[in-house]
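Each chain is listed here by its residues.
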Amino acid sequence: MARNKEALLLLLDVGPSMHSVLPEIEKVCSLLVQKKLIYNKYDEVGIVLFGTEDTDNELTSEVGGYQHVVVLKDIKVVDGDIVEALQQLPRGKNDGDFLDAVIVAMDMLIKKFGETNKGKKRMCLITNAQYPIKESYKGTKEEQVTTIAKQMTVHGMRMESIILRGKLSQDANKGIMDENDRLLNIFSKETSTRLLYVDNPISLFGALRTRNITPVTVFRGDIEFSPKLKIKVMVYKKTSEEKFPSLKKYSDKAPPNDKHATRDVKVDYEYKSSEDPDKVVPPDRRIKGYPYGPQIVPISSAEWEAVKFKPEKGVKLLGFTESNNVLRHHYMKDVYAFLPEPGNTKAMLALSALARAMKEMNKVAILRCVWRRGQSNVIIGVLTPNLSDRENIPDSFYLNVLPFAEDVREFQFPSFTNFPASWLPNELQLEAADNLIKTLDLAPHGQQEVLLPDFTPNPVLERFYRYLELKSKDPDAAVPPLDDTLKKITEPDGDLLLQNRAVIGSFCRSFELKGNPLKKSRRLLGGKRSFSSVDVEGNITAQPANLIENASVKVEKIGDLTPVQDFEALISRRDGPDWVVKAINEMKNKIFDLVEDSHEGDNYPKALECLVVLRKGCILEQEPKQFNDFLRHLCNFCREKKLNSFCDYLASEGLALIPKTEAIDSEVTDDEARSFLVKSESKVV
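Given the structure is predicted, the values throughout are model-derived calculations rather than measurements.

### Considering the sheet that holds strand S13 (residues 363-370)
By definition, the strands of a sheet pair up through backbone hydrogen bonds, in either a parallel or an antiparallel sense. Reading around the barrel, the seven strands line up as S7-S8-S12-S15-S14-S13-S11 and close back on themselves, with mixed pairing between neighbours. Each strand of the sheet is rotated relative to its neighbour by a mean of 40°, with strand direction disregarded. Pairing analysis gives six bridges linking strand S8 (residues 229-239) to strand S12 (residues 332-340), with the strands arranged antiparallel. For valine 233, the partnering residue across the bridge sits in S12 and is proline 340.

### Overview of the packing of helix H1 (residues 22-39) against helix H3 (residues 80-87)
Relative orientation and spacing of two packed helices are given, respectively, by the angle between their axes and the distance between those axes. Relative orientation of the contacting elements H1 and H3 amounts to 170°, with a least axis distance of 8 Å. In terms of axis orientation, H1 runs roughly antiparallel to H3. Of the residues in H3, those touching H1 at Glu26, Cys29, Ser30, Val33, Gln34 and Leu37 are Ile82, Val83, Leu86 and Gln87.

### Details of the pattern of salt bridges
Under the criterion given, the structure shown has 35 salt bridges. Between glutamate 179 and lysine 141 there is a salt bridge whose closest N-O contact spans 3.4 Å. Highlighted residues: glutamate 179 in helix H6 (residues 174-191) and lysine 141 in helix H5 (residues 141-154), separated in sequence by 38 residues. Each member of the pair, glutamate 179 as well as lysine 141, carries the same accessibility label: buried. Here aspartate 629 makes a salt bridge to lysine 625, at a shortest N to O gap of 2.8 Å. Taken as a pair, aspartate 629 and lysine 625 lie in helix H20 (residues 624-640) at a separation of four residues, close to a single helical turn. With a relative accessible area of 34%, aspartate 629 lands in the partly exposed category.

### Description of the packing of aromatic side chains
Counted according to the given criterion, the structure contains twelve aromatic pairs. Note on phenylalanine 507 and phenylalanine 511: the rings are 4.9 Å apart at their centroids and 45° apart in plane angle, and the pair reads as tilted. Phenylalanine 511 sits in the partly exposed class, given a relative accessible area of 31%. Connected via pairs of aromatic rings, a cluster forms that spans Tyr39, Phe244, Phe464 and Tyr465.

### Details of the state of the cysteines
A full pass over the atoms with the stated rule returns zero disulfides. Between cysteine 638, a free cysteine, and cysteine 647, which holds the nearest cysteine sulfur, the sulfur-to-sulfur gap is 4.4 Å.

### Let's talk about a nonpolar patch on the surface
Residues Val265, Val267, Tyr269 and Tyr271 make up a contiguous nonpolar surface patch of roughly 450 Å² in combined accessible area. By secondary structure assignment, the location of valine 267 is in the loop between S8 and strand S9 (288-292).

### Focus: unusual backbone geometry
Here the phi dihedral of alanine 129 falls at roughly 50°; this positive angle occurs in a residue that is not glycine. Looking at the secondary structure, you find alanine 129 in the loop between strand S4 (121-127) and H5. Despite not being glycine, leucine 451 has its phi angle at roughly 60°, a positive value. Here leucine 451 is to be found in the loop between helix H10 (427-439) and helix H11 (459-473).

### Re the nonpolar core
Formed by 44 residues in total, the largest nonpolar core has its most connected members in Phe567, Ile591, Leu611, Leu614, Leu631, Leu634 and Phe646. Looking at this core, the elements that each hand over two or more residues are helix H17 (563-572), helix H18 (579-596), helix H19 (604-620), H20, helix H21 (644-653) and helix H22 (670-684). A total of ten residues in this core trace back to one element, the largest contributor, which is H19. Core analysis: the next-biggest nonpolar cluster, separate from the first, contains 39 residues, Leu12, Leu31, Leu89 and Phe464 among them.

### Quick notes on the packing of H19 against H21
Following both chains from N to C, one finds H19 and H21 inclined at 55°, their axes separated by 11 Å at the closest point. Considering their axes alone, H19 and H21 lie oblique with respect to each other. Relative to H21, the crossing made by H19 is right-handed. Contact with H19, carried on its side by Tyr604, Pro605, Ala607, Leu608 and Leu611, involves Ser645, Phe646, Tyr649, Leu650 and Glu653 of H21 and no other residues of that element. Looking at side-chain class alone, the contact of H19 with H21 contains eight nonpolar, one polar and one charged residues.

Conventions adopted
- Residues numbered from 1 in each chain as written.
- Predicted model: local features only at pLDDT ≥ 70, side-chain atom pairs only at ≥ 80, totals over all residues.
- Heavy atoms only, no water.
- Pairing = 2+ DSSP bridges.
- Helix = DSSP H or I, 4+ residues; strand = E, 2+ residues; numbered from the N terminus.
- Axes fitted to C-alpha atoms, helices over the stretch in contact; angles between N-to-C directions.
- Parallel < 35°, antiparallel > 145°, perpendicular 65-115°, else oblique.
- Contact = heavy atoms within 4.5 Å.
- Salt bridge = Lys/Arg side-chain N within 4 Å of Asp/Glu carboxyl O.
- Buried < 20%, exposed > 50% of the residue type's maximum accessible area, 1.4 Å probe, protein only.
- Phe/Tyr/Trp six-rings, centres within 6.5 Å; stacked < 30°, edge-to-face > 60°.
- Disulfide = S-S within 2.5 Å.
- Patch = residues over 30% accessible without salt bridge, like charges linked within 9 Å, V, L, I, M, F, W, Y side chains within 5 Å.
- Areas by Shrake-Rupley, 256 points an atom, 1.4 Å probe, with all protein chains shown as cover.
- Core = buried A, V, L, I, M, F, W, Y, C linked by side-chain atoms within 4.5 Å.
- Left-handed = near helix turned anticlockwise from the far one by under 90°.
- Nonpolar A, V, L, I, M, F, W, Y, C, P; charged D, E, K, R; others polar.

Shown next, in the form of structure tokens:
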């Protein structure tokens, strides 16, 4: 068997207690084989069922026993027949003995491969382990399982066990399940493989590794703390985004029945002159260019190679810092695992001592990483200790890549602290929100967390693999609807929402929203004032109109007819970065025009309305300095133009600067805000 091939035997419990979950087992196991057809088409797979009505295996005919164990498919290269067999598993009528199935599977692997292919022979056991195994002829069950596990290690076999529990095991004998758990734990420890417990179909999809990826080191070498202090490490990728398999172009010119035809498509490119379309430009006459202002700067391959940054390969410590100094939202890209060099006791001890000291002191390390020679970029990352709770697994570290200044995106959003107290949620609203969060908790006390990343498959990829399998059988196959199990990943749990309908209803009633549509008839006819301009005299800091509602009207500038509504619509636009600045500046100019063109104060009320909405807009957009500077400038302007009556009018209406209590970015205190117009009035009297 080739070095990169894997032999996998699926050991599936089809006894009566498993009937309710067999449809999910059929889906996940057939999906496993479908992925092998894409990524590992030379792998070999076999199927062993236990708990069946019949018996069909070689050990029964050779030595007797091993009843109700059926070899559904012998070990062979993956093909469509195995997929179809897994999609139609028989329903057994007897209690399953998982140990009999394990022994039958071991016998199949030994007979087929002997001592070869160590480390590439794998078994996957799926059962609920609710029924006892047979008593051992010699010694205890634990001794028998230990002997079998050691033989697995000798022959280079691994076995992962997936145990289905939850609602399935409510009526089962707890003593028998505990005994079986101990026996399966022996397999896990002796063969260093996974023992997983799942309680729902989603977890089953994630528990069975449908694609086996061989770990490859990203870096082998030293973590350099100083020229005299280095620790040997191996670095692997801990997480990496799984992408769609690459789609290739194939030709249909070859005969359909020709199995030896490659059907490859070769693509050639020709570059032609824009001045002479028939003339081909040879490679030595072509050069890359980069835009720099109005010109294109040509840079040859040799020049580009010379200008490339070529850092020295290695991992170096830059220093330590408190763990809370590194913000979670600064983590970028993939996660890397740092492990001590295998067999290097000194490296294990040194790395373990460092990890435990950092954990105790709540510190993280900042590293500079260049994984390979010729790498054109440098990575700065944060190294976090990961202490092991198992004797046979050493302490390690996780590395998260940190951003440079050019990678950080700063977006300013208004905070609740910038709003008046009347806008903040009250105690009843906070209590309703607390109840909603507790009710929809994915990790309730005493229960396993739902949608754990390790057990949650990507529904987009899973759906693609299934459709690919359908297309392989029928080129005209329609895209099937999303599977019910996968739908639970992408949508809220309907049963959970139904159970907590009262809590959700209480939350909705606590935050009742009322629409405030912009009526075009009023806008066009210049009739009654909008909500934001009503009762201005009574409440200068009243809640603003619904700016989002007005955003649907594409206003390009502030007009003379309805400047307040135009400002609200303009400042609410989010289809460009400059609308807020444009709205504030145009409103400032509009206010100046209204005040300057006023005759015996006839424009003062309208100017006040504009000032009020400008003030509220500057609070919402965290621009208090813009309003405060403008109001000061406006008062100076009125003093110079001898428009003292307007300042008196503003003072009588209680208009004030924006203080720090309303906008945290403001540099104005409450006393300064209240006394500003009083001072201004005294200056102009």
